[in-house]
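Here are the chains, one letter per residue:
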Amino acid sequence: MKVLFVCLGNICRSPAAEGVFLHLIEQRQLTDQFLVDSAGTGGWHVGNPADRRMQAAARRRGIHLPSRARQLELGDLKSFDHILAMDQDNLHNVSSMANELGPRSTAKIRLMLSHARRSDTLEVPDPYYGGDQGFEHVLDLLEDACEGLIEDLLASGTKR
Ligand code: 4NP
């Protein structure tokens, strides 16, 4: 299963989602069942590693963020099975690209927090302009949603 996490800059939220997801599937010995990546709807940070503050917060939880920023491409909507958007703006942008492609867009596109179990917030807030606790909050939301996502993907896989 190919899973792509999308935010705006691809240096805070989606690289964190990618790292958390990779960490959890490794713990569960599911690594060989998934291909995981992240991308941004914007291109300002292309080539950059995750924001230092996001990396530091993740490292404190034993999570490595391997991502280098890249911009979302139309081809991603054909090659990934699942695209998880961090907020409504990201979802809107991904959906517009899907409309552009029409039936050639095959990815299932959803909000990341639609898989959350412990909160009913729909958006992962952008931590870029805030303080350290914003990065911790993003990781709390993503740990919960990634666990839910793995559970939901495995369950949908067995139904097929
Ligand atoms: P992200 O956060 O979308 O979670 O990667 C942002 C990082 C940078 C910018 C916006 C959002 N920016 O405008 O540079």
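Treat the numbers as computed from the prediction; the structure is a model and nothing was measured.

1. Considering the site of the ligand
Neighbouring the ligand are Cys7, Leu8, Gly9, Asn10, Ile11, Cys12, Arg13, His45, Asp126, Tyr128 and Tyr129. The backbone of leucine 8 places a nitrogen or oxygen atom 3.0 Å from an oxygen atom of the ligand. Taking histidine 45, its side chain carries an N or O atom lying 2.7 Å from an oxygen atom of the ligand. Contact with the protein chains covers 91% of the free accessible surface of the ligand, which is 350 Å². Partitioning the shell around the ligand into residue classes produces six nonpolar, three polar and two charged.

2. A look at the nonpolar core
Core analysis: the biggest nonpolar cluster contains 37 residues, and Phe5, Phe21 and Met112 have the highest contact counts within it. Listing elements by their share of this core, those giving two or more residues are strand S1 (2-7), helix H1 (13-27), helix H2 (52-60) and helix H5 (132-159). Ranked by residues supplied to this core, first place goes to H5 with ten residues. Leaving out residues up to four positions away in the same chain, phenylalanine 5 has contacts with Ser14, Ala17, Glu18, Phe21, Val36, Asp37, Ser38, Ala39, Leu84, Met86, Met112 and Leu149. Listed in part, the twelve residues of the second largest apolar core include Val6, Leu77, Ile83 and Leu101.

3. Comments concerning the side chain of asparagine 10
Structurally, asparagine 10 is set in the loop between S1 and H1. Residue asparagine 10 is classed as buried on the basis of its relative accessible area, which comes to 0%. Among the polar contacts made by the side chain of asparagine 10, one reaches the side chain of serine 38 at a distance of 2.9 Å. Looking at asparagine 10, its side chain comes within polar contact range of the main-chain nitrogen of arginine 70, at 2.9 Å. In contact with asparagine 10, not counting residues within four places along its chain, are Pro15, Ser38, Ala39, Gly40, Ser67, Arg68, Ala69 and Arg70.

4. As for the sheet that holds strand S4 (residues 108-111)
Backbone-to-backbone hydrogen bonds join strands into a sheet, with any given pair of strands oriented parallel or antiparallel. Strands sit in the order S2-S1-S3-S4 across an open sheet of four strands; the sheet is parallel. A strand with exactly one partner marks an edge of an open sheet, and here the two such strands are strand S2 (35-40) and S4. Looking at each pair of strands side by side, their axes are set apart by 20° on average, direction ignored. With four bridges connecting them, strand S3 (residues 82-85) and S4 associate as parallel partners. Considered in S4, the bridge of leucine 84 is made with arginine 110. Its contacts with the sheet put helix H4 (residues 88-101) on S1, S3 and S4, and the angle it makes with S4 is roughly 165°.

About the cut-offs
- Residues numbered from 1 in each chain as written.
- Predicted model: local features only at pLDDT ≥ 70, side-chain atom pairs only at ≥ 80, totals over all residues.
- Heavy atoms only, no water.
- Near = heavy atom within 4 Å.
- Polar contact = N/O pair within 3.5 Å; in protein donor to acceptor, adjacent residues only side chain to side chain.
- Areas by Shrake-Rupley, 256 points an atom, 1.4 Å probe, with all protein chains shown as cover.
- Nonpolar A, V, L, I, M, F, W, Y, C, P; charged D, E, K, R; others polar.
- Core = buried A, V, L, I, M, F, W, Y, C linked by side-chain atoms within 4.5 Å.
- Buried < 20%, exposed > 50% of the residue type's maximum accessible area, 1.4 Å probe, protein only.
- Helix = DSSP H or I, 4+ residues; strand = E, 2+ residues; numbered from the N terminus.
- Contact = heavy atoms within 4.5 Å.
- Pairing = 2+ DSSP bridges.
- Axes fitted to C-alpha atoms, helices over the stretch in contact; angles between N-to-C directions.

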